[in-house]
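Read off the chains here:
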Amino acid sequence: NCPNLEILNLSANRLRSISRRLFHGLYNLKGLNLSDNPELCTIDDGLFRSLFSVNKVRLSGNNIKQLNLARLFNSCHFIHGLDLSRNQLDNQTFQYEKLGNLVRLLTLDLSENQLENLEFVRDMDELRALWLKNNKIESIEKDGYNFLGRLSSHAYIDLSGNPLQARSKELLALFEDRSIEIVS
């Protein structure tokens, strides 16, 4: 029991699973790094239930194939940074509807996954940085353009390494005058 612990780094520890009890009593935890555990394939819903103060979570470089953000982070009211890069998430297994408390996210890294579209961004108006490089995004549909239109200026979006169609690239250029930096 470490009630004053603020940062927990369990990266590169060959974790296969994580018990909910691991985080019990870590009420002041602000940062959690569970990255680079390639044998970590699943994250149980509610795993972070007792992490009321956490504001940055790194789950990159694992082998996560399915994730329900609303259930996983249902009591995490202050998360502003989430790194899910280098996993196996696709649009069918990345469950993002009803994001709950994650509408306050400022940075989200989903680079190097298997995502094919931007449907998940429709409720993320507070985002300031979104990394989507090296996914499978070919076009940006209505939800994606609506999202870009709602973003404040000075946002950053990285779509590099995606097989974007020419039409999508032309439409992305329309947002350049709003100081939204889009890398494609």
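Just above, that's the structure.
The model shown is predicted, which means the values in this text are computed figures rather than measured ones.

J.: Where do I start with the overall build of the protein in this structure?
T.: Within the protein one finds three helices and 10 strands. Residues classed as buried in the protein amount to 47% of the 184 residues present. At a minimum sequence separation of 6, the contacts of the protein that also span at least 24 residues come to 65%. Counting every atom, the protein has about 9,300 Å² of accessible surface; 47% of that belongs to carbon and sulfur.

J.: Is there a simple way to explain the nonpolar core in this structure?
T.: As a rule of thumb, soluble globular proteins bury nonpolar side chains together. One finds Phe23, Phe48, Phe73 and Phe120 to be the most contacted residues of the largest nonpolar core, which totals 50 residues. If you list the elements that add at least two residues to this core, you get helix H1 (69-72) and helix H2 (142-150).

J.: Explain the pattern of salt bridges to me, please; I cannot follow it from the model alone.
T.: When the charged atoms of two side chains with opposite charge come close together, those side chains can pair. Per the stated rule, a full pass over the model turns up five salt bridges. Note that arginine 16 is salt-bridged to glutamate 39, the shortest N-O span being 2.6 Å. You can see arginine 16 sitting in the loop between strand S1 (7-9) and strand S2 (31-33) and its partner glutamate 39 sitting in the loop between S2 and strand S3 (56-58), a full 23 residues away along the chain. In this structure, aspartate 83 engages arginine 58 in a salt bridge whose closest nitrogen and oxygen atoms are separated by 3.5 Å.

J.: Just checking my understanding: could you explain the packing of aromatic side chains for this structure?
T.: Any two aromatic rings considered together are summarised by their centre-to-centre distance and by the angle between their planes. Enumeration over the complete set of coordinates arrives at four aromatic pairs. Cluster of aromatic residues (ring-pair linked, three or more members): Phe23, Phe48 and Phe73.

Cut-off values and rules
Residues numbered from 1 in each chain as written. Predicted model: local features only at pLDDT ≥ 70, side-chain atom pairs only at ≥ 80, totals over all residues. Heavy atoms only, no water. Helix = DSSP H or I, 4+ residues; strand = E, 2+ residues; numbered from the N terminus. Buried < 20%, exposed > 50% of the residue type's maximum accessible area, 1.4 Å probe, protein only. Contact = heavy atoms within 4.5 Å. Areas by Shrake-Rupley, 256 points an atom, 1.4 Å probe, with all protein chains shown as cover. Core = buried A, V, L, I, M, F, W, Y, C linked by side-chain atoms within 4.5 Å. Salt bridge = Lys/Arg side-chain N within 4 Å of Asp/Glu carboxyl O. Phe/Tyr/Trp six-rings, centres within 6.5 Å; stacked < 30°, edge-to-face > 60°.

In short, shape yes, function no, at least from these values alone.
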